[in-house]
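# Coordinates in review
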Amino acid sequence: MTAPSPTVFIVDDDEAVRSSLRMLIRSVGLQARAFGLASEFLEAYDPDQPGCVVLDVRMPGMSGLEMQQELNRRGATVPVVFITGHGDVPMAVEAMQHGAFDFLQKPFRDQDLLDRVQRALERDAQTRAAFTARATIRERIQSLTPREREVMRLVTMGKANKVIGAELGVSQRTVEIHRAHVMEKMQAHSLAALVRMALDAQEIPDARNTDKS
Amino acid sequence: MQRPPGTHPVAAASRERPQSRRQHPVLVVDDGGAHAAEIERLLTTMRIPWEPCAPGVGTAEAVRREAACLIAPFAPNDDGARALIETVHRIAPGLAVIVVIDDPDVAATVAAMRLGAHAVIEGKALAAGLLHQVAPLLQND
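Presented here is an overview of the structure given in this document. A quick note: this is a predicted structure, and the numbers were derived from the prediction, not measured.

Residues and elements named next belong to chain B. Mapping Ile98 onto the fold places it in strand β4 (residues 97-101). Distance from Ile98 to Val120, taken between C-alpha atoms, is 5.8 Å for residues 22 residues apart in sequence. The residues touching Ile98, leaving out its near neighbours within four places in the chain, are Cys69, Leu70, Ile71, Ala72, His118, Ala119, Ile121, Gln133, Val134 and Leu137.

Time to look at helix α8 (residues 172-186) of chain A. All names here are of chain A. Between its first and last C-alpha atoms α8 spans 21 Å; for 15 residues at 1.5 Å apiece the expected length is 21 Å, and the two agree. Buried residues of α8: Val175, His178, Val182, Met183 and Met186, and no others. Here the buried residues of α8 occupy an arc of 140° about the axis, which is enough to place them on one side. Away from the buried face of α8 by more than 90 degrees, exposed residues Arg173 and Glu184 are located. On its buried face, α8 sits against α5 (110-142), α6 (146-156), α7 (161-168) and α9 (191-200). Directly beyond the C-terminal end of α8, a positive phi value near 55° is found at Gln187.

Residue and element names in this part refer to chain B. Across the sheet, five strands lie side by side as β2-β1-β3-β4-β5; this open sheet has parallel pairing. The open sheet has two free edges, formed respectively by β2 (50-53) and β5 (119-122), since each of these has just one partner strand. Averaged over all pairs of adjacent strands, the angle between strand axes in this sheet comes to 25°, irrespective of strand direction. Relative to strand β3 (residues 69-74), strand β1 (residues 26-29) runs parallel, the two sharing three bridges. Each bridged residue has a counterpart across the sheet, and for Val28 the counterpart in β3 is Ile71. In the packing of helix α6 (residues 126-134) onto the sheet, the strands contacted are β1, β3, β4 and β5, and the crossing angle to β5 comes to about 160°.

The next point concerns the interface of chain B and chain A. Each side of the interface is counted separately: chain B has 19 residues, and chain A has 14 residues. Carbon and sulfur atoms supply 59% of the area that chain B and chain A bury against each other, a total of about 1,300 Å² over both sides. Contact with chain A buries area across many residues of chain B, yet Val106, Val110 and Arg114 of chain B alone supply 42% of it, more than any other trio. Remark: the boundary between chain B and chain A carries one salt bridge.

A few words now on the sheet that holds strand β3 (residues 51-56) of chain A. All names here are of chain A. The parallel open sheet is built from five strands, whose spatial order is β2-β1-β3-β4-β5. Pairing within the sheet leaves two strands with one partner each, and these edge strands are β2 (31-35) and β5 (102-105). The average undirected angle you get between the axes of adjacent strands in this sheet is 20°. Pairing geometry for strand β4 (residues 80-84) and β5, over four bridges, is parallel. Considered in β5, the bridge of Ile83 is made with Leu104. Of the strands in this sheet, β1 (7-11), β2, β3 and β4 are in contact with helix α1 (residues 15-27), which crosses β2 at around 170°. The strands touched by α5 within the sheet are β1, β3, β4 and β5, with β3 carrying the most contacts at an inclination of about 135°.

Residues and elements named next belong to chain A. Burial analysis of β1 places five of its five residues in the buried class, which makes it a mostly covered element. With burial as the criterion, each face of β1 is covered, one bearing Thr7, Phe9 and Val11 and the other bearing Val8 and Ile10. As judged from the five bridges shared by β1 and β3, these two strands associate in the parallel manner. From the neighbouring strand, Phe9 faces β3, where its bridge partner is Val53.

This brings us to the pairing of β5 of chain B. All names here are of chain B. Burial along β5 is two-sided: Ala119 and Ile121 and Val120 and Glu122, pointing in opposite directions, are all buried. Where β4 lies against β5, four bridges are found, and the strand directions are parallel. When the sheet's bridge partners are listed, Ile101 is paired in β5 with Glu122. Handedness of the β4-helix α5 (residues 106-115)-β5 crossover: right-handed.

Phe41 and Phe103 of chain A together with Val26, Leu70 and Ile71 of chain B are the most contacted members of the largest nonpolar core, which has 71 residues in total. Looking at this core element by element, the count peaks at six residues for helix α4 (residues 89-97) of chain A. If near-sequence neighbours (up to four positions away) are discounted, Leu70 of chain B is found in contact with Leu27, Val29, Cys53, Thr59, Val63, Leu84, Val88, Leu95, Ala96, Val97 and Ile98 of chain B.

What counts and what doesn't
- Residues numbered from 1 in each chain as written.
- Chains lettered and ligands numbered in written order.
- Predicted model: local features only at pLDDT ≥ 70, side-chain atom pairs only at ≥ 80, totals over all residues.
- Heavy atoms only, no water.
- Helix = DSSP H or I, 4+ residues; strand = E, 2+ residues; numbered from the N terminus.
- Contact = heavy atoms within 4.5 Å.
- Expected span 1.5 Å × (residues − 1).
- Buried < 20%, exposed > 50% of the residue type's maximum accessible area, 1.4 Å probe, protein only.
- Arc of directions from axis to C-beta.
- Pairing = 2+ DSSP bridges.
- Axes fitted to C-alpha atoms, helices over the stretch in contact; angles between N-to-C directions.
- Buried area = accessible area lost by both parts, 1.4 Å probe.
- Salt bridge = Lys/Arg side-chain N within 4 Å of Asp/Glu carboxyl O.
- Right-handed = clockwise from strand over helix to strand, strands pointing away.
- Core = buried A, V, L, I, M, F, W, Y, C linked by side-chain atoms within 4.5 Å.

Pasting the structure below:
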C-alpha cells in the first residue's frame with residue numbers, strides 16, 4: 001500500500017487569500033485543500049494524512065492560535081505555518097512556544113511561503129518516518145518473551161552475560177541463548193543497534209536527554 | 001565591566017529577603033546596558049532571585065550552575081543571539097534562554113525562537129512581558 005501524497009491544508013477566512021494560496025501551492029505540483037473556518041478543518045482533519053497546515057492567525061470563531069492548541073490537545077504532529085497581516089512579537093512567541101513550525105507576516109513573497117511549506121512537509125515526513133520506525137521496534141519488543149525482554153533490558157544497560165546470569169539466577173549459557181533470540185527477533189546486527197532501538201522505544205533512559213549535572 | 005554578585009547592590013538586596021524555599025536564580029547577562037539594569041530592577045521588584053553574569057565566557061561559566069533561566073539583552077542587529085543560544089544549549093541543555101531585543105520584527109523573533117530561544121521580549125515591553133515569561137520557569141528546591 002502506498003502512502004497518501006502530502007497535502008497542504010490552507011485555513012484562512014479570506015476567500016481571495018485561500019484561492020491565491022491554493023493556486024500558488026498547486027503551481028509547484030503539491031496538493032492543496034482550503035478551509036474557511038478552523039472548525040471545518042478540524043472536522044475534516046485526518047492524522048494519517050501527511051501534510052502541513054498554512055494557518056491564518058486571525059479568523060472569526062476559533063482563531064488560528066486556538067486551532068493550534070486544539071491540534072496539540074489531539075496530539076497532532078502536523079507542522080503549522082502561521083500567516084498573519086497583524087503579527088506582533090508576543091503573538092509570534094506564543095505561536096512558536098506552542099510548536100508552530102513557522103510564522104510568516106503578510107505580505108510575503110510567494111517563494112518565501114513555498115520554501116517554508118517545503119520545509120514543513122520535509123519535517124512531517126521525518127516525523128512520520130520516526131513514528132513508523134518506533135512502532136516497528138515496539139512490535140518487535142512485543143514479540144519477546146518476558147525473560148528475553150528482561151535480558152534485553154540488562155544487555156542494553158551494558159551488563160555482561162555473566163552478571164546478567166547471576167542477577168536472573170540462570171547460567172551464562174542460558175543468557176547467551178536468550179541474548180541470541182533477542183538479537184534475532186529485534187533484527188539487531190550489533191549491540192549498538194540494539195541499544196539504539198531500546199533508546200528509540202524508550203525502553204532504557206536516554207543519557208542524551210539527561211539534565212545537566 | 002561585570003559586577004560580581006556579592007558586590008551587586010540589587011543582587012545583594014535580593015539575597016537578603018527571607019525565603020522559605022530556595023529558588024533557582026534567574027541569570028541575567030549584564031552587559032552594562034539599560035536593558036540589563038531594567039531587567040534586574042524588575043526581577044528585584046518581583047522578588048525573584050537573580051544573579052548577573054558577564055557576557056561571553058562569564059555566561060558560559062554561569063549556566064553550569066542550577067538556574068531558572070537565562071535572560072540576555074541584545075542590541076538591534078546583534079547576531080550574538082545565535083552564538084549565545086547554541087552555547088547555552090551545549091553546556092546546559094534544557095535551560096530556557098529569554099532574549100530581549102530592541103524593536104525586533106516578527107522575522108527576527110521567529111528566527112530566535114527557531115534557534116531555540118524560549119521567548120523573545122521587546123525591550124520596550126519588558127515590564128509587561130518579563131514576569132509572563134519568567135514565572136512559569138521558576139522552580140523551588
